[in-house]
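This is what each chain is made of:
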Amino acid sequence: MPALRVLSSLDAARIQWYHFKAIIVAGMGLFTDAYDLFCIAPIMKMISQIYYHKDSIGTALLSTSYAIALLGTAFGQLIFGYLGDRVGRRRVYGICLLIMIFSSFGCGFSVCTTRRSCVMVSLGFFRFVLGVGIGGDYPLSATIMSEFANKRTRGAFIAAVFSMQGLGILTSSAVTMAVCEAFKNAGSESLVTVKAAGLETLAPAESDIAWRLILMIGALPAALTFYWRMLMPETARYTALVENNVVQASKDMQRVMSVSMISQLTEESSSSEIHQQQPPSSSTYKLFSRRFLSLHGRDLFAASANWFLVDVVFYTSNLLLSQIFNFSNKPLNSTNVYDSAFEVAKLAAIVAACSTIPGYWFTVYFIDKIGRVKIQIMGFFLMAVVYLVAGIPYSWYWSKHEKTNKGFMVLYGLIFFFSNFGPNTTTFIIPAELFPARFRSTCHGISGAAGKFGAIVGTVGFLWATKHHEDDVFPDVKRMRIAFLILGGVCIAGMIVTYFFTRETMGRSLEENEVDEIGSTSAGSSANELLPRP
C-alpha cells in the first residue's frame, strides 16, 4: 500500500526541532487543562468563606463543584474525539483552545454577585463548558503527537506532552499563592463585616475578585498557544490513511520535517495509480460493529477500564490530600480567607514539585526502554502497597493528631510518584497507539471519558464517605483507613486488568494497526505477537 510506504519514513525519521515544537504546542493544552482542573480546591476554600461564612457549604454543593468540570471533560473527550476522526485533528484542535479561553474568562465573570446561588450556578455552567474544551484536548493532543512521532521515541514524546500537566498543577498552585499573598498584603487586616452575594461575611470585599482572577489567569497559556496551534498541518497519517490523499500527506511532511526519501515517494505518489486508489474493502466496518469489536474490543476495554481505575485513585488522592494534611491546625471558619487557600495551594505545590513532576519525567525516560505494560503494572502494584502500608496502621500515624506527620507525607507522596511513573501516564499513551488511524481519536476519547467518570465516582464517592464536621481539624480515622484500603484494592484491580488484557505497543509502528484494515494475511500473526504472556 503506497500510503504505508510514505508513512514508513516517519518511523525512520531522526529527532528534529519540529518534534519538540509539537511537544510544546500540544503540551500547553494539557498544561492549561491541569491548571483549570486542579485550581478548584483552593478556590472552593475561598468561596466557602466568602459566601458561606455562617453556613456550611455542604457536601452536595462541594461535590457538584468538583464533578461538574469532570463531567464536561468526559463529554468533550467523546465529542471531540469523534470529530477528530471525522473532520480531522487540526480542524477541531483550535476549537478546544477557544472554548478553554472564553470559558476561563466566563468563570471569572460569573454573573449575579447579589445571590450566592446565582454565583454558583453561573460558575458551574462555565466550569462545565471549560471541561468540554479540556476534554477535547486530551484525545487530539495524544493522537497528534503519536502521529508525528517515530516509533523509537513515540512513547517519550507523548509522555512529555502529558508531563505538562505537572507544570500546570505547580503553576496553578504558585499563581494561587501569589494572588492570595498580594491581595492579603494590599488589603486591610481588620475584620469588618461586608456584604457578599447579599450576605454578611468577614472576608475582605476584594477577596471576591481574587478567586475570579485566579480562574481567568488560566486562559493565558491557551491564548498564547493558539497561533502556533493553527500553524500545525494535518498529520500525515490522517491525510494518507483516512482522507486517502498520499500526495498531500507527503507535502505536509516536507513542510515540517526533513524525512529521508520523501521527495522520491512524493513523485511515486503523484502517479495515476495512487490517485485512482480506493479505500480498502475491509475499512467499511463501523465503530462498535461486530468486526470492530472482534478486532479492537479487547483493546478498548483494557484502555477504558485501566483509565477508569487509575482516575478513581488519582483524583481521590488529590481530594484527600487537603483533608489529611492541615498545616494551619485550625478549623476552616477561624482561618483567614487568603490563608486557607494559600495552605491548600502550598501543599499541592510541594507534592507536585517533589512527587508528581518527577514521576512524569521518569516515565519520559523509561517508557521506550521498559515498555508501557511493565510500567503500568509496576505503578499499580506499588501504589497498592503504599495504600495498604499507609491505611492499615493509619490510626498509629495520626494517634497524636500532629500538625504534620512528615513520614506519612513522604509515604503519601509516593502515591503521586508511582501514579505518574505508572498508570496515570501510560493510560494516556496506550490508546493513542493501539487503534487504526480512522478510529484512533475516537477510541482515545472513549477511554479518557471512562477515566473521567472514574474521577467523578472517586471524587464524589470519597468526599461523602470521608466527610467530617467543619469544626474538626482531621477526618475520621476509621473512615480514612477504609478509604485507603478500598483505593489499594482498586490498584490491585488495575494491575489484574493490565496483565490480562493490555497489549504492549513499545517499538511498534502505528501502521501495524492498519494491517487488519487492508486484509493482510499476516494480520492474525501480528495481533498475536502483542498478546501478553501468561
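Small disclaimer: the values here were computed from a predicted structure and weren't measured. (Residues numbered from 1 in each chain as written. Predicted model: local features only at pLDDT ≥ 70, side-chain atom pairs only at ≥ 80, totals over all residues. Heavy atoms only, no water.)

1. With respect to the side chain of His 444
Relative to the elements of secondary structure, His 444 occurs in helix α21 (residues 437-465). Judged by its relative accessible area of 1%, His 444 falls in the buried class. (Helix = DSSP H or I, 4+ residues; strand = E, 2+ residues; numbered from the N terminus. Buried < 20%, exposed > 50% of the residue type's maximum accessible area, 1.4 Å probe, protein only.)

2. Comments concerning the packing of helix α5 (residues 89-108) against helix α6 (residues 116-148)
Describing two packed helices takes the angle between their axes plus the distance from one axis to the other. It is at 8 Å that the axes of α5 and α6 come closest, and there the two elements cross at 150°. Comparing the axis directions of α5 and α6 gives the class roughly antiparallel. Here α5 and α6 pass one another in a crossing that is left-handed. Of the residues belonging to the contact of α5 with α6, the class tally is 13 nonpolar, 7 polar and 4 charged. (Axes fitted to C-alpha atoms, helices over the stretch in contact; angles between N-to-C directions. Parallel < 35°, antiparallel > 145°, perpendicular 65-115°, else oblique. Left-handed = near helix turned anticlockwise from the far one by under 90°. Nonpolar A, V, L, I, M, F, W, Y, C, P; charged D, E, K, R; others polar.)

3. Focus on the nonpolar core
In terms of nonpolar packing, the biggest core is built from 88 residues, with Tyr 138, Ile 324, Tyr 412 and Phe 484 touching the most fellow members. In terms of residue count, helix α14 (residues 290-324) provides more of this core than any other element does, 11 residues in total. Discounting chain neighbours no more than four positions away, the residues touching Phe 484 are Leu 320, Ile 324, Tyr 387, Ala 390, Gly 391, Phe 408 and Tyr 412. Judged by nonpolar contacts, the second largest core, of 31 residues, contains Tyr 52, Ile 57, Tyr 66 and Ala 341. (Core = buried A, V, L, I, M, F, W, Y, C linked by side-chain atoms within 4.5 Å. Contact = heavy atoms within 4.5 Å.)

4. Thoughts on a nonpolar patch on the surface
Judged by side-chain polarity, Phe 301, Leu 388, Ile 392, Leu 485, Ile 492, Ile 496, Tyr 499, Phe 500 and Phe 501 come together as a nonpolar surface patch covering roughly 790 Å² of accessible area. Within the element layout of this structure, Leu 388 appears in helix α16 (residues 372-391). (Patch = residues over 30% accessible without salt bridge, like charges linked within 9 Å, V, L, I, M, F, W, Y side chains within 5 Å. Areas by Shrake-Rupley, 256 points an atom, 1.4 Å probe, with all protein chains shown as cover. Salt bridge = Lys/Arg side-chain N within 4 Å of Asp/Glu carboxyl O.)

5. Structural notes on the packing of aromatic side chains
Overall, the coordinates contain 32 aromatic pairs when judged by the stated rule. A ring pair is formed by Tyr 285 and Phe 439, whose centres lie 5.7 Å apart and whose planes are at 40°; its orientation type is tilted. Separated by 154 residues along the polypeptide, Tyr 285 in the loop between α13 (272-275) and α14 and Phe 439 in helix α21 bring together distant segments of the chain. The pair Tyr 285 / Phe 439 is uniform in exposure class, with both members buried. Taken together, Phe 38, Phe 314, Tyr 315, Tyr 387, Phe 408, Tyr 412, Phe 416 and Phe 484 form an aromatic cluster joined through their ring pairs. A cation over a ring is seen here: Arg 86 above Tyr 82, with NZ or CZ 5.2 Å from the ring centre. (Phe/Tyr/Trp six-rings, centres within 6.5 Å; stacked < 30°, edge-to-face > 60°. Lys NZ or Arg CZ within 6 Å of the ring centre and 35° of its normal.)

6. Details of the confidence of the model for the chain
Do not read the fine detail of predicted coordinates wherever pLDDT is low. When pLDDT is averaged along the chain, the result is 83; 81% of the residues meet or exceed 70. Summarising per-element confidence for the chain, the mean pLDDT is lowest in helix α23 (residues 523-528) (38) and highest in helix α19 (residues 423-429) (97). A low-confidence stretch, residues 272-282 stays under pLDDT 50, and its non-local contacts, those more than four residues away or across chains, total 18 contacts. Here residues 520-534 is modelled with pLDDT under 50, and outside its nearest four sequence neighbours on either side it reaches 16 contacts, counting other chains as well. (pLDDT = per-residue confidence, 0-100.)

7. Thoughts on unusual backbone geometry
With a phi close to 55°, Asn 244 is a non-glycine residue in the positive phi region. The topology assignment puts Asn 244 in the loop between α10 (236-241) and α11 (246-256). The exposure class assigned to Asn 244 is partly exposed, which follows from its relative accessible area of 26%. Its identity is not glycine, yet Phe 288 carries a phi of approximately 70°, on the positive side. Positionally, Phe 288 belongs in the loop between α13 and α14.

8. Re the environment of Ala 182
Residue position: Ala 182 is located in helix α7 (residues 154-186). For Ala 182, a relative accessible area of 44% translates into the label partly exposed. Along the primary structure Ala 182 and Ala 210 are separated by 28 residues, whereas in three dimensions their C-alpha atoms are 9.3 Å apart.

9. Looking at the pattern of salt bridges
Under the defined criterion, the tally for this structure stands at 15 salt bridges. Between Glu 147 and Arg 440 there is a salt bridge; the shortest N-O distance is 2.6 Å. Of this pair, Glu 147 sits in helix α6 while Arg 440 sits in helix α21, and the two are 293 residues apart along the sequence. Each member of the pair Glu 147 and Arg 440 is classed as buried.

10. Thoughts on the packing of helix α2 (residues 17-38) against helix α9 (residues 219-231)
Running from N to C, α2 and α9 cross one another at 145°; their axes reach a closest spacing of 9 Å. When the axes of α2 and α9 are compared, the crossing they make is left-handed. On α9, the residues touching Lys 21, Val 25, Ala 26, Met 28, Gly 29, Phe 31 and Thr 32 of α2 are Pro 221, Ala 222, Thr 225, Trp 228 and Arg 229. When the residues that make up the contact of α2 with α9 are grouped by side-chain class, the tally is 7 nonpolar, 3 polar and 2 charged.

11. Quick word on the environment of Phe 126
For Phe 126, the position within the fold is in helix α6. Separated by 16 residues in sequence, Phe 126 and Ser 110 have C-alpha atoms that sit 7.9 Å apart.

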